[in-house]
Amino acid sequence: MDDIQRFLAHAIQLEKESARRYEELAEAMQSLGSMEVAEFFRQMAHYSRLHLKEAMQRGGFHDLPKLAPEAYDWPEGTSPEAAAWAGVDGFMDVPGALALALDGERRSCDYYRAIAETAWDPEVKRMAEAFAEEESEHVAQLEAWRERPARS
């Protein structure tokens, strides 16, 4: 992917989906009574919205760019944030929610790294590397939460 506008359109879609997923997870954890984890997921949704805003600003977009679904070039045919997503189950527990979120962040990190490794355009390469680094920070945060003592 060597067109910066196309890259940013993908990043925007990915971050939009990420924010929505984290909000769903926050609601599920709140329903479960796990307020601390719900708040963590709300913070992660906030980070996704910040990344979305950053991508829109870098691309000079005032509105979300519109691409037809077939115009996106996703691995496995779907956004890394949606690839393993079957929706939030009302019976999902904290470990399951953290595992689902971690899978999405790892896929997103891998997606951006793959672009950084294959892009010819230096701006796309630089931005993909920066986005991969941000996603790897999210992976580390989620891994740290998984290591915490068990929660309801």
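The rules behind these values
Residues numbered from 1 in each chain as written. Predicted model: local features only at pLDDT ≥ 70, side-chain atom pairs only at ≥ 80, totals over all residues. Heavy atoms only, no water. Salt bridge = Lys/Arg side-chain N within 4 Å of Asp/Glu carboxyl O. Helix = DSSP H or I, 4+ residues; strand = E, 2+ residues; numbered from the N terminus. Buried < 20%, exposed > 50% of the residue type's maximum accessible area, 1.4 Å probe, protein only. Core = buried A, V, L, I, M, F, W, Y, C linked by side-chain atoms within 4.5 Å. Contact = heavy atoms within 4.5 Å. Axes fitted to C-alpha atoms, helices over the stretch in contact; angles between N-to-C directions. Parallel < 35°, antiparallel > 145°, perpendicular 65-115°, else oblique. Nonpolar A, V, L, I, M, F, W, Y, C, P; charged D, E, K, R; others polar.

A. Broad picture of the pattern of salt bridges. The final tally for this structure, using the stated rule, is 3 salt bridges. A salt bridge links Glu-23 to Arg-49; the nearest nitrogen and oxygen atoms lie 2.9 Å apart. Here Arg-49 lies in helix α2 (residues 35–59) and Glu-23 lies in helix α1 (residues 4–32), a separation of 26 residues in the sequence. Classification of Glu-23 as partly exposed rests on a relative accessible area of 26%. Under the relative-accessibility criterion, Arg-49 is labelled partly exposed at 37%. Between Glu-143 and Arg-106 there is a salt bridge, with the nearest N and O atoms lying 2.7 Å from each other. Here Glu-143 is found in helix α4 (residues 122–147), whereas its partner Arg-106 is found in helix α3 (residues 94–118), with 37 residues between them in sequence. Overall, the relative accessible area of 33% leaves Glu-143 in the partly exposed class.

B. Seen up close, the nonpolar core. Core analysis: the biggest nonpolar cluster contains 21 residues, and Tyr-22, Leu-25, Met-29, Phe-40, Phe-41, Leu-98 and Leu-142 have the highest contact counts within it. For this core, the elements supplying multiple residues, two or more each, are α1, α2, α3 and α4. Apart from the residues lying within four places of it in its own chain, the contact partners of Phe-41 are Tyr-22, Leu-25, Ala-26, Met-29, Ala-97, Leu-98, Ala-101 and Leu-142. Ile-12, Tyr-111, Ala-119 and Met-127 belong to the second largest nonpolar core, which has 20 residues in total.

C. Region of the structure containing the packing of α1 against α3. Where α1 meets α3, the closest approach of the two axes is 10 Å, and the angle between their N-to-C directions is 170 degrees. Of the possible angle classes, the one that applies to α1 and α3 is roughly antiparallel. Contact with α1, carried on its side by Phe-7, His-10, Ala-11, Leu-14, Glu-15, Ser-18, Tyr-22, Leu-25, Met-29 and Leu-32, involves Val-94, Ala-97, Leu-100, Ala-101, Glu-105, Ser-108, Tyr-111, Tyr-112 and Ile-115 of α3 and no other residues of that element. Classifying every residue of the contact of α1 with α3 gives 14 nonpolar, 3 polar and 2 charged.

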